[in-house]
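# Structure assessment
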Amino acid sequence: MAAQEESVQVETNTSEADSKRSPFLESLGERVRTLRSRKGMTRRAVAVAADVSERHLANLEYGTGNVSVLVLLQVAHALQCSLAELLGDVTTTSPEWLLIRELLSKRSEADLRRARVQLGEMFGEGGNAQERKNRIALIGLRGAGKTALGQRLADDLGFPFIELSREIEQFAGCQISEIHNLYGANAYRRYERRALEEAIQIYPEVVIATPGGLVSDSANFNLLLSHCTTVWLQADAADHMGRVAAQGDMRPMAGSREAMDDLKRILEGRAAFYSKADMAINTSGRNEDQAFAALKSSVRQHLTLPV
């Protein structure tokens, strides 16, 4: 036990001379916070998964602790990312990576989006254009209205409706929470991809309500973007929290004394990914009928159908 405690020890500089935080440690802490928010994990959850104390993780996130390589490796495993991604150095692994990075480094978001789409088509990752147009995938945090509005949209268009979370549970033979508890996050992502691949293969026309965390897996999100028209159902953090609580379900915030702050961090961490959607509908300040009217209008215009 003592050896384990020693392996995860964080050496905190306390002298006045070392009071200025290292720029490297500050940027490292920022990447840890960003990855944690993107995964929708609280600091306590990451600390438990990494087998380090919450205080040690806090020191790492705020750039005040000079952590050992073993601690970084444990944190990377807890966040389901490579150590290279945690250190922010994945694009230095080969000459081609460096050349590609240089080509893309000063491009705008619009240019990068075009490059991603063209690369997908070049490598055969893009789907049939008409089928992509007719597959409507709703993305966003829980409480945005994906299930209720998605079912109404499917009924309006005469399309099948799929709630991807239910398909994942059918593949796994157990509930989402049990998948995470029994098999872990990596197994869940495999089930998620399998369910998404089957939906794409079977349905040329469909409305899909996706899990809120799908965007945190780049492979699954790329698959969704390549084969579906995506709609981000936006809402303020307070609306997300209120709607989920009204359903009697406080996951994933159960047991957290800082639930709203955690939710805001998750939303902030995923917003850049949700914004890659083809269109966005803000549901805050609207009742269900008003939100559906806005969604219906945008999707019907996209499909060139009468509104």
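The present account deals with the structure reproduced in this document. (Residues numbered from 1 in each chain as written. Predicted model: local features only at pLDDT ≥ 70, side-chain atom pairs only at ≥ 80, totals over all residues. Heavy atoms only, no water.)

### Regarding the nonpolar core
Selection criterion: Residues belong to one nonpolar core when they are buried, are Ala, Val, Leu, Ile, Met, Phe, Trp, Tyr or Cys, and are joined through side-chain atoms within 4.5 Å. For the exposure calls, accessible area comes from a 1.4 Å probe over protein chains only, and a residue counts as buried if that area is under 20% of its type's maximum, exposed if over 50%, partly exposed in between. Only runs of H or I of at least four residues qualify as helices and only runs of E of at least two qualify as strands under DSSP, and these elements are numbered from the N terminus. Throughout, a contact is declared for two residues whenever any of their heavy atoms are within 4.5 Å.
Membership of the largest hydrophobic core comes to 33 residues, with the highest contact counts inside it found for Ile139, Leu164, Ile179, Leu196, Ile208, Phe221 and Leu224. Secondary-structure elements contributing two or more residues to this core are β3 (135–139), α11 (164–172), α12 (176–183), α13 (185–202), β5 (206–209), α14 (218–227), α15 (237–246) and α16 (259–274). When residues no more than four places from it in sequence are discounted, the contact partners of Ile208 are Ile136, Ala137, Leu138, Ile162, Leu164, Ala199 and Cys228. Judged by nonpolar contacts, the second largest core, of 21 residues, contains Val231, Leu233, Ala291 and Val299.

### Concerning the sheet that holds strand β7 (residues 279–282)
Either a parallel or an antiparallel arrangement is found when strands of a sheet pair, and the pairing is made through backbone hydrogen bonds. So the rule is basically this: DSSP-based pairing: two strands are paired if at least 2 bridges between them are found. Between N-to-C directions, angles cover 0 to 180 degrees, with each direction set by a line fitted to C-alpha atoms, over the stretch in contact for helices.
Strand order in the open sheet formed by 5 strands is β4-β5-β3-β6-β7, and the pairing between neighbours is parallel. Of all the strands in the sheet, the pair left with one neighbour each is β4 (161–163) and β7. Sheet twist, expressed as the average angle between the axes of neighbouring strands with direction ignored, equals 20 degrees. Sheet topology note: the β3/strand β6 (residues 229–234) ladder contains 4 bridges and is parallel. Opposite Ala137, over in β6, you have Thr230 as the bridge partner. Contacting β3, β6 and β7, helix α17 (residues 288–302) crosses the sheet at an angle of about 165 degrees to β7.

### Remarks on the pattern of salt bridges
Put simply, the rule is: Think of a salt bridge as a Lys or Arg side-chain nitrogen and an Asp or Glu carboxyl oxygen that are within 4 Å of each other.
By the definition in use, this model includes 18 salt bridges. The partner of Glu163 in a salt bridge is Arg166, with the nearest N and O atoms 3.2 Å apart. Overall, Glu163 belongs to the partly exposed group, its relative accessible area being 23%. Overlapping salt bridges, with partners in common, bring together Arg36, Arg43 and Glu61 in one network.

### Points about the packing of aromatic side chains
For the record, the criterion: Pairs were defined over the aromatic rings of Phe, Tyr and Trp, the Trp ring being its six-membered one, requiring ring centres within 6.5 Å. Orientation was assigned from the angle between planes: stacked under 30 degrees, edge-to-face over 60, tilted for the rest. Working rule: Lys NZ or Arg CZ, within 6 Å of ring centre, within 35 degrees of ring normal, means a charge sits over the ring.
One pass over the full model with this rule turns up 1 aromatic pair. The aromatic ring of Tyr62 is capped on one face by Arg33, whose charged end is 5.3 Å from the ring centroid.

### Observations regarding the pairing of β5
With burial as the criterion, each face of β5 is covered, one bearing Val206 and Ile208 and the other bearing Val207 and Ala209. The pairing of β3 with β5 spans 4 bridges and is classified as parallel. Note that in β5 the partner of Leu138 across the bridge is Ala209.

### Notes on the environment of Met279
As for its placement among the helices and strands, Met279 is situated in strand β7. Separated by 23 residues in sequence, Met279 and His302 place their C-alpha atoms 9.4 Å apart. Dropping the residues within four chain positions of it, Met279 is found in contact with Thr229, Thr230, Val231, Trp232, Ser298, Val299 and His302.

### Digging into α14
For α14, the buried fraction is high: 7 of the 10 residues fall into the buried class. For α14, the full list of buried residues reads Asn220, Phe221, Leu223, Leu224, Leu225, Ser226 and His227. Contacts made by the buried residues of α14 are with α8 (109–122), α9 (129–134), β3, α13, β6 and α16.

### With respect to the environment of Leu153
Among the structural elements, Leu153 can be located in helix α10 (residues 146–157). Residues Leu153 and Val206, 53 residues apart in the sequence, show an inter-C-alpha distance of 9.9 Å. For Leu153, the contacting residues outside a window of four places in its chain are Ile136, Val207, Phe292, Leu295, Lys296 and Val299.

### Notes on unusual backbone geometry
With a phi angle near 55 degrees, Gln80 is a residue other than glycine that sits in the positive phi range. In this fold, Gln80 is placed in the loop between α5 (69–78) and α6 (83–87). In this structure, Thr304 is a non-glycine residue whose phi angle is positive, near 55 degrees. By the element assignment, Thr304 lies in the segment after α17.

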